[in-house]
Structures are given as structure tokens and as C-alpha cells.
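Residues per chain are reported as follows:
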Amino acid sequence: MLSETFTVIHPSGFHARPTKIFVHAATQFNCKVNLVKGSKKVNGKSSLGLLSLGLAKGDEVTLEVDGEREDEALRELGPLLSKIYEE
Amino acid sequence: MSQQLTGIAASPGIAIARAFRYAHTAAETPERAEVADASAEAERFRAAVARAKTEIDAIRESTARRLGAAKAEIFEAHLMLLDDPDLVDAVLEQIDNESVNAEYALHEVTGMIVEMLRGMDSEMLRERATDVLDVSGRVMSHLKGRPYAALSGIAEETIIVAQDLTPSDTAQLDLDYVRGFVTEIGSRTSHSAIMARSLELPAIVGAGKAAADVPDGTTIILDATEGRIVVDPSDEELADYRARKEAYNARVAELKRLASEPSISADGAHVELAANIGGVEDVAKALENGADGVGLFRTEFLYMGRNSLPTEEEQHETYRHVLAKMEGKRVVIRTLDIGGDKELPYLSLPKESNPFLGQRAVRFCLSREDVFRTQLRALLRASTAGKLNIMFPMIAVAGELRQAKAILAEERAKLESEGIAVASDIEVGIMIEIPAAALNADYLAKEVDFFSIGTNDLIQYTMAADRMNDAVSYLYQPYHPSILRLVRMVIRAAEREGKWAGMCGEMAGDLTAIPLLLGLGLGEFSMSASSVLPARELIGMLSKQEWARLADEALQLGTQEEVKQFVEQRSRA
């Protein structure tokens, strides 16, 4: 298992658009994708799971990947947590 | 007897029509039943999900056709919900574990998700609950074998009254008959509110439980400019609101027409009405509102809420994008304005006892050349994508400006020696927000291409008062003669050197201040996008020459109150 911690910088937090982009990317991987904030761990392939973390700008979130092509998943998915999405 | 209700004006306009009470059928609780064959039940659920997806996909397509791809995005989110393991797998698991009917399992899982979302701090997330109810309601209707509640049967002029409208409700509204809607719950940022604005349909949300008592079929007036609902209006009220409605519609049409018009005073003086933006996401709104350019792009947002500095590449991409989208219209990008109340924790800057008088903005950049150079390189590389103006914030003395310009010239030379193209017509200017700079504007004007007056800070520094401090905020006086004299000084200094002077503080979008600023000779006004069209309309009615005379008169007055009163009287005249 690999993991890394990121800071959310999207100004209005992790809402519809960034969630969509992240979940879409996460489902491309066969490995397990989990997100951890504090004591809460959710499925990164679920937009509801992501929303339930209530990630706001400045929050830290840890990405855990486990399984097939996990290194690749970490490399691709990590930046999606801390990037500003443009319209 | 008529009765009045109030709510949040979510989408402006005035409508008069019969009320149509609309209620969802999805809310009822299904019976719990044991099923003999759990796998067959799971299959029935999967089939209902698949049919719901097909329907939502059709709504998505028709919404994209009617309202554009951005508005259709919500239905993409709905389709994603129907793939979401936390929803779909959870229902399937419950069917499997408990051998329970699909309706019940769906209701249970949906209930938990909705409860979770409604408990969130963010208004936006709380509203996602409506989306979950919307998709699960649709799946439920397929499980029960009856059509999902439809608004398509309406065939007379109607104002819909509902507890809430889901995105698929709003997407189905037949605009030939629906004149507006009222909801009991919701906020300005609910999907229904956003949809109403893009459909240009008058809407009031959050009208409360009282809205539920509006009798079906009663005539109601929806004044969504004021957030007022008149139930069963009198003849006088009807006549009054019919007149208001006509006046309102005429005004909207007039403002719309202005989006593609130049910003020009009644006596033919051209000004530029630009928008302030904080990122790429604000550009579309600036363009829709007919902004002549971007007068202030605050780049600090690129640096905030993260662990490390943004890279040159990241910044370059953003700047290039904004410049390209503005299609050759002027874009003034302000270099990093950090310090004061805006911190970057990852730089661990020393605490200052007077941060507003400390190492802010350009002062910080000159002390951290590495940060500054990265931003300047990103800006220079993006410059070929449009019409770039670079602006240094908080310049107090000429030395700072020279230092900043020297660094800019060095970075340009480096890029050119690397064979990277840089535009030759980049204008370089400064923000005037420190009284010392305003008082010395004559001199500074020789070394810049433009000034932009930042009134928020200029007023605070001139009055030595923090406008966020309640005890002294009364000293935040944009109309005070001291401020107006500084503004005039800056504009005249620019004029003498053949440079342009703009304003990017809140004052620039203030309809009361605009006549005065036009009279003082301001050439560019930068404001929030939504203020551009009302400002353009106002300027079209003003004579610059006359206001030049009136502004001189106003500057003879001694207090903010006198100036304000004077301007208001003359504006009405």
C-alpha cells in the first residue's frame, strides 16, 4: 500500500466538479483507492464518500492506494486533490 | 384579502399567474417485505437503475441543447450517483444480506445518505441531498412501475409552488406556461435557483412553510426582485405589479442590449468598464456581462490554501488561459499581493506587530525574488496569448517600482535568450493605494504605463482606520474630499504624461460614486462583473463635461456627507 497527504486548494472546497474529476480518474484503476481525513476513511471511487468527508479549502487528506498499478494511481490521483479546476 | 409572504429572491423578475401546487411522490416510505429470491430482487433493482440512467441521459442531452453543456453537468453528476458504490452497492448488499425488497433497501440507503449530507457544514453539500433524492426517486418510480413525477402536463400560465424543485424538475419545466416558481426551502446557491437564473425565470426560494398553504389555483404575484409573494392580490395590487413588471422587463432588455455596446458617456467620452476576477472561473461571467476587459486579476488565490508555492508552469497555464479567453481585451494581472490579512502558512513569514504597515505585496516580492521571478516568468511567457498588463501592488516609492521593473526586464531578457516569445506591448503599471504614491503620482507617472487606484486600501491608509474594526469603520469614507483630491491628483498626473488611470476598488462599481469619478476623468472602472451593465447604462446617461464641473464643486465641500448629498441631488436632477 502507498499513501501520501495532500492539501485541498480548491477555493470552494471539494464540491461537484473536483469530485467528479477525481472519482472518474479513480475508477480507471483496479486498485483500492481510499481517502482518509482524520479518523474517517472513505472509498475514493464514490462521490458520496468523497462528499461525506466535507473537504474544504486548506484541509489535509491522505490518499491510500493498494493493489494493481498503485504507484501509477498515486502519481495520477494525488495532484487531483490539490489542484484548482477551471471552468 | 391579499396576503404577503417573503423569501429569498433567487432569480430576478416579476410574474403574475395562478399557483400550481406541486408535490413529489417519491417521499413516501415503502413497506418492508422479505423476498424469497434475493438475487432476482437485486436484478430488479439493477434494471430500475439502468432505466433511470437512460432517462437521465435523455434529460442531460435536452438540457445541454437548451441551456448549454455547463447546465447539463448536474445530470452527469446524477449518472455518476447511479454508479456510486456508496449508493448502488450499499442497496445491493442490503438486499442480499437481509433478503429485503429493493424499494425498502433503496429508501433506507437513500435516507442515510441524505441525513449525512444534510448534516454537512457547507450549504453546497447540504444541497447535494436534493440530487440524491432526485435520482433515488427516479429509480423508485421504476421499481414501482409508475412514471416519475412530471411537471410536463401544465397547460396554462402557472407559478409553481413546491417544497423544493429537483434539477430534473427544473429541467422539465415547460417555459411556454411556467412563469416562475416558489419553494419552501433552498438558498441562492440551490440548483433550482441556479437553473432559474439561467432560464431567466423569476424564482423565490426559502419562502418557508407558509408557502405550502398557498391554495392551488389562486392568483399570485411573484416579485422576485424583492423576494415578495402576494397571494390573492387586490385589483390595485395587480395593476401596480403589472406596471412594475413591464418596467422591469424593459430595463432587463435595455441592459442586455448594452452587453455588446461600448462604454460611452452621453457627451461621447469613452471609458473602459472592466471586471475584477480571482481566477479562470470568473472569466465567463465577465464576458457575459460585457466587460471591456479585466481590470484586476488577483493572483493570490493561486498561492493560497496549499502546501507549497505554485510552479511557474501552473501559473503560466492559468494566466495564458485567462488572456486567451479574453480575446485580446486588456487583462491587468496584479503580482502577488500577500501579507496583511492574507497569509501563506507554508512560507512561515515572521509575525509582524503591524501587518498592514509591514512587508506586504510588492515589499514581500522584492524580499523574496525567487517567488517574484517565478511569477514574472509565468506572466511573460503567457503574454503572447492576449493583451497583458502587469501591475505591482502597494508601491510607496519610485525605488520599489524601479527594482520591480528591473527584475521584470531581466526575466524578459532571459526568456528571449532562451528563444521564448514574449509580447512586445506589455503595459506595466502600479496600484495607487498608499497616500505617498498618490501625492507623488506626477513623478511616478513618468515611469509607468498606467495607474490603478485601489480605493479600499487608499482610504484605510489615508484615514488611518481599519474598515473591519467596528470602532473606527465610520472613517472608511470613499466620498471624503481628502480621498477625492487624491484620486484627482492621480488621474491628472496620468493625463499629463499621456498614461491611463483606472480604479479597481469597490468605489469603481458604486453607482453613486461613478458620476463623480467620471467627472474627475477616470478612464477605467474595474468592478464585480454583475455591476458592469448597470454602470454602463448609468454612464450612458451622464455628461462627462457637466460632471467635471460638478466634481470641482464637490471638492470644495468639507465632509463626506456633504459630498454624498451633493452628488445624489445632482444625479437626480
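Residues numbered from 1 in each chain as written. Chains lettered and ligands numbered in written order. Predicted model: local features only at pLDDT ≥ 70, side-chain atom pairs only at ≥ 80, totals over all residues. Heavy atoms only, no water.

Participant: If you had to explain the overall build of chain A to someone new, which residues and values would you point to?
Facilitator: Assigned secondary structure in chain A consists of three helices and four strands. Traced from its N-terminal end to its C-terminal end, chain A shows the element sequence β-α-β-β-α-β-α. Here chain A holds 87 residues, and the buried ones make up 52% of them. Considering only contacts in chain A between residues 6 or more positions apart, those separated by 24 or more positions represent 67%. For chain A, the accessible surface area stands at approximately 3,800 Å², while carbon and sulfur atoms represent 47% of it. (Helix = DSSP H or I, 4+ residues; strand = E, 2+ residues; numbered from the N terminus. Buried < 20%, exposed > 50% of the residue type's maximum accessible area, 1.4 Å probe, protein only. Contact = heavy atoms within 4.5 Å. Areas by Shrake-Rupley, 256 points an atom, 1.4 Å probe, with all protein chains shown as cover.)

Participant: Which residues make up unusual backbone geometry, and what values do they have?
Facilitator: All names here are of chain B. A positive phi is found at S99, a non-glycine position, where the angle reads about 45°. With respect to the helices and strands, S99 occurs in the loop between helix 3 (85–98) and helix 4 (102–118). Residue S99 is classed as partly exposed on the basis of its relative accessible area of 24%. Its identity as a non-glycine residue notwithstanding, D232 has a phi of 55°, on the positive side. Position of D232 among the secondary structure elements: in the loop between strand 8 (228–231) and helix 8 (235–258). Residue D232 is classed as partly exposed on the basis of its relative accessible area, which comes to 39%.

Participant: Account for the packing of helix 2 (residues 69–81) of chain B against helix 7 (residues 191–199) of chain B, with residues named and values stated.
Facilitator: Pairs of packed helices are described in terms of their axes, by the angle between the two and the distance that separates them. Residue and element names in this part refer to chain B. Put simply, helix 2 and helix 7 touch, their axes get as near as 11 Å, and they point 155° apart. For the element pair helix 2 / helix 7, the angle class is roughly antiparallel. Judged by the sense of rotation from one axis to the other, the crossing of helix 2 with helix 7 is left-handed. Along its contact with helix 2, which presents K71, I74 and F75, the element helix 7 presents H191, I194, M195 and S198. (Axes fitted to C-alpha atoms, helices over the stretch in contact; angles between N-to-C directions. Parallel < 35°, antiparallel > 145°, perpendicular 65-115°, else oblique. Left-handed = near helix turned anticlockwise from the far one by under 90°.)

Participant: Lay out the packing of aromatic side chains with the relevant residues and their values.
Facilitator: Residue and element names in this part refer to chain B. This structure, assessed with the given rule, holds three aromatic pairs over all chains. Taken together, a centroid distance of 4.6 Å and an interplanar angle of 10° make the contact between F450 and W500 stacked. Taken as a pair, F450 in strand 14 (residues 450–453) and W500 in strand 15 (residues 500–503) lie far apart in primary sequence, 50 residues in all. The ring of W500 has R330 lying over it, and the distance from NZ or CZ to the ring centre is 3.8 Å. (Phe/Tyr/Trp six-rings, centres within 6.5 Å; stacked < 30°, edge-to-face > 60°. Lys NZ or Arg CZ within 6 Å of the ring centre and 35° of its normal.)

Participant: How would you summarise the nonpolar core if you had to cite specific residues and measurements?
Facilitator: Residues and elements named next belong to chain B. Of all hydrophobic cores here, the largest spans 100 residues; its most connected members are F392, I430, F451, L517 and F525. Considering every element that reaches this core, the biggest residue donor is helix 17 (residues 481–496), with eight residues. Setting aside its immediate chain neighbours within four residues, F525 contacts V271, E272, L273, A274, M503, A508, I514, L517, L518 and I539. (Core = buried A, V, L, I, M, F, W, Y, C linked by side-chain atoms within 4.5 Å.)

Participant: Hey, could you go over a negative patch on the surface for me, with residue numbers and the actual values?
Facilitator: A surface patch of like charges, here negative, comprises D86, D89, E93 and D96 of chain B. As for its placement among the helices and strands, D89 of chain B is situated in helix 3. (Patch = residues over 30% accessible without salt bridge, like charges linked within 9 Å, V, L, I, M, F, W, Y side chains within 5 Å. Salt bridge = Lys/Arg side-chain N within 4 Å of Asp/Glu carboxyl O. Lys, Arg positive; Asp, Glu negative; His and termini not counted. Charge placed at Lys NZ, Arg CZ, Asp CG, Glu CD.)

Participant: Can you explain the pairing of strand 14 of chain B? Please cite residues and give values.
Facilitator: As a general feature of sheets, a regular strand has side chains that alternate between the two faces. Residues and elements named next belong to chain B. Of the two faces of strand 14, the one lined by F450 and S452 and the one lined by F451 and I453 are each fully buried. Relative to strand 14, strand 13 (residues 427–432) is paired through four bridges, and the arrangement is parallel. Counterpart to I430 in the pairing with strand 14 is F451. (Pairing = 2+ DSSP bridges.)

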